[in-house]
Amino acid sequence: MSLTFARSNRANLLPMCRGIWMFAILAPQTMYRVESRLGLTVAAATVREALKSLSKQQMEAFKEVLKPESRTHLWVVSDNIQAYAKKRDHRIGRPSEMVKGMAATAIAMENVDPDTFNLETLLHNQAKGERKALTTEMIMDDIDWTHLQNVAVFQFLQTLITFVPRLATYRPNLVQFSKTRLQKLERPKDFRSKVFPLATNSSDEIKVQELKEAIEDFASTQLKIDDETIKNRCWPFSGDGKTFDALHRLRKLMSPEASDFHSFRWMVPMLEIWHTKWTDEQHFETTNLVHHFSVLEDAEIPTFDALVFAAESLARDYASTKAFREISTGQGHGNIPTGSVWAQPTDGAPDDMAQSESDVSDGEGPINVDLPEVDPLPSPSQPGESSQADQSLANSVLFMRDAIWWREVCLAVAEGDTGRVLEMFKVWIFTFASSGNPLYSGFLLEVYCQFKWEFSDKLKHTLMFYWLVNLSGLPGCYIELDLLQEHFNFWLEEIVQHKGKEFSDPFYRNVVSMNVHHFLQLKDEMEGAVLKARTKRHSEPHLDNELNTLLRHLRNEELNRHRAGRTTGELASDNFTSGADVLENGKLNAFVARTLVYSDRLRAHGFGNGASNEGTTEETHPPSHFLPSEDELDSDELDDVTGDSPRARMVSVDGEIYVLQSSAR
């Protein structure tokens, strides 16, 4: 091959490709020195120059996007990035340190109506301050309760059809059920996102001044957005809760500036989904569903409509707020059958978690599970509690409800339906308000107000369409923008540990960060071109034994039946109901008062009708005692999800969620 192309001006293309591939897999310098002498690859210096050239070409391409006739717009997602740079040669003044910075990625939004991102329209809507009419009842009325009921029905149906082989023929019906009753945003089947990583910098997003410098670097230095190129347009910038809050603070602090660019009025802060999601986290008379359906004749198998009816009953009785309230207070238990009389245990935990031989699927014999000694459970006859209440059943109902809501967001993300995600965000406004992460309730309130009053119909649709990305073009493979950035950050941080440089170093800005997406693609493509593609899925032992043990324990405890007076020692708190009380008792008014300040400042610049929102500013309505000030928002509740491996992503196949664990290399 080398002789064939020896006299061609393209003779170095394959060696160049091989050299970039070696750079992507962090090959040692020895390989470059040896293989470049053999003509198998180019020198390491040549690879770096080539990568600089690619970064420069991308910078030039961003200029084309800013032209008025362009129908392509950009969405920027950013996140903090950090790595521990260990100094191999210890010297005074050269300690090992944590290297911090910010990384960002631009997502292309193509074929966009030029009027979609009209800045003047957005500012007028923001200046109106219509959020002053926001009430708890308004949010409640906006929740699509029929949709939430269908969400629960779908997941009960999915469980039946997935785990019962005789019902597998109803999978097409389940897919159709999802399309007709759950889908809120339709997407083209072959949609594939275009993403462009930006150059990193060493700014710390916690410090407002450094965040300002980082945004100016991403927007002005790299994307070429300035006073001359804005041309009455706005750009969405998004991030996790910490970044989302910092962007709003930055825009508020810079609002007195007259220039649209220097005041950051052109920036539309958006809250990302992945960090938000991970911050939250009818019955058949049988004890074995698989066996129950396996012995039925074909004519006896229930129809899909009959399964839907059964799932509606299950959702109503075992996974609803009403069921939790009635069971926990002893007011009733719907259609849930009555179990045996409950007697308080006296000798600690029962020994029913020991695994029997019949539960072991690999034939290796029984496995005994030793449980630790536990204190006796308290008496159920506590003051104010009904003797008909069943704490254990109530807690399981609440767990089922919350788990269904969380799984709905995971499934909606994988299928690219941000309409369903936005519907769940309305619910999470309440659950976050009384949870261990109350700050996210305020963030979701901001998202709610943006979509209800400030965004035009065109802007709503465009933002919802591009709120997720699909790098493969395959259905069911959408991921969140912040998860995409986390994947890029993982490789950037690994290279930093390998090189020990700052994120603002020209090596990272001009060579590495803007090409990280190409590195990840090239590694897979190069391997797939000469070898059979790997699945990147790690084999793991089955969970049949654990599942059988758990199911038997639940059957022995009769957790699917009502047993009056049963208690586990503590009744779980319904964050949705208590969150509504928290919002009603002052937190919602405090949020409105604090955020209307920005509307007043826009009106001072002539946007809106020019009038002031008198009586609704922070001075007349100070935040309540439980709402932290902006300076106190650097809390542990907003800390990033920890981990030393690429973040797991979820895909949807025929309505079922699967977790894909990326390989470390």
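Residues numbered from 1 in each chain as written. Predicted model: local features only at pLDDT ≥ 70, side-chain atom pairs only at ≥ 80, totals over all residues. Heavy atoms only, no water.

1. What about the packing of helix H17 (residues 439–454) against helix H23 (residues 575–604)?
Inclusion rule: The convention used is that axes are lines fitted to C-alpha atoms, helices contributing only their stretch in contact, and that angles between N-to-C directions extend from 0 to 180 degrees. Elements are defined by DSSP. Helices are runs of H or I of four residues or more, strands are runs of E of two residues or more, and each kind is numbered from the N terminus. For classification purposes, an angle smaller than 35 degrees is called roughly parallel, one larger than 145 roughly antiparallel, one from 65 to 115 roughly perpendicular, and anything else oblique. Should the near helix be turned anticlockwise from the far one by less than a right angle, the crossing is left-handed, and should it be turned clockwise, the crossing is right-handed. By the convention used here, residues are in contact when the closest approach between their heavy atoms is within 4.5 Å. Lys, Arg, Asp and Glu make up the charged group, whereas Ala, Val, Leu, Ile, Met, Phe, Trp, Tyr, Cys and Pro make up the nonpolar group; the residues left over, Gly among them, are polar.
Interhelical geometry of H17 versus H23 gives an angle of 60 degrees and a closest axis separation of 11 Å. Taken together, the axes of H17 and H23 lie oblique to each other. Judged by the sense of rotation from one axis to the other, the crossing of H17 with H23 is right-handed. Where H17 approaches H23, its residues Ser-441, Gly-442, Leu-445, Glu-446 and Cys-449 are matched on the opposing element by Leu-583, Lys-587, Leu-588, Phe-591 and Thr-595. Among the residues forming the contact of H17 with H23, the class breakdown is five nonpolar, three polar and two charged.

2. Focus on the confidence of the model for the protein
To be explicit about the condition: Residue-level confidence of the predictor, termed pLDDT, takes values from 0 up to 100.
Residue-level pLDDT values for the protein average 83, and 81% of them are 70 or greater. Note on residues 349–372: pLDDT is under 50 here. Beyond four places in sequence and across chains, it has 35 contacts. The model gives residues 374–384 a pLDDT under 50, and that stretch makes 16 contacts with residues more than four places away or in other chains.

3. A closer look at the pattern of salt bridges
How we decide: One side-chain nitrogen of Lys or Arg within 4 Å of one carboxyl oxygen of Asp or Glu is enough to make a salt bridge. Here's how the labels work: a residue is buried when its accessible area is under 20% of the maximum for its type, exposed when over 50%, partly exposed in between, all with a 1.4 Å probe on protein chains only.
Applying the stated criterion across every chain, the model contains 25 salt bridges. With a shortest N-O distance of 2.6 Å, Arg-131 and Glu-454 are connected by a salt bridge. The class for Glu-454 is buried, based on a relative accessible area of 7%. As a salt-bridge pair, Glu-480 and Lys-277 come within 2.9 Å of each other at their nearest N and O atoms. A relative accessible area of 2% means that Glu-480 is categorised as buried. Here the residues in one salt-bridge network are Arg-131, Glu-446 and Glu-454, joined through shared partners.

4. Details of the sheet that holds strand E1 (residues 73–85)
Condition: For two strands to be treated as a pair, DSSP must find at least two bridges joining them.
Pairing within the open sheet is mixed, and its five strands lie in the order E3-E2-E1-E4-E5. Edge positions in the open sheet fall to strand E3 (195–197) and strand E5 (267–271), since each of these has one partner strand only. Averaged over neighbouring strand pairs, the angle between their axes works out to 25 degrees when direction is ignored. Relative to strand E2 (residues 97–109), E1 runs antiparallel, the two sharing 13 bridges. Residue Trp-75 lies in a different strand from E2, and its bridge partner there is Ile-107. Contacts from helix H8 (residues 208–222) reach E1, E2, strand E4 (235–239) and E5, with the element oriented near 40 degrees to E2.

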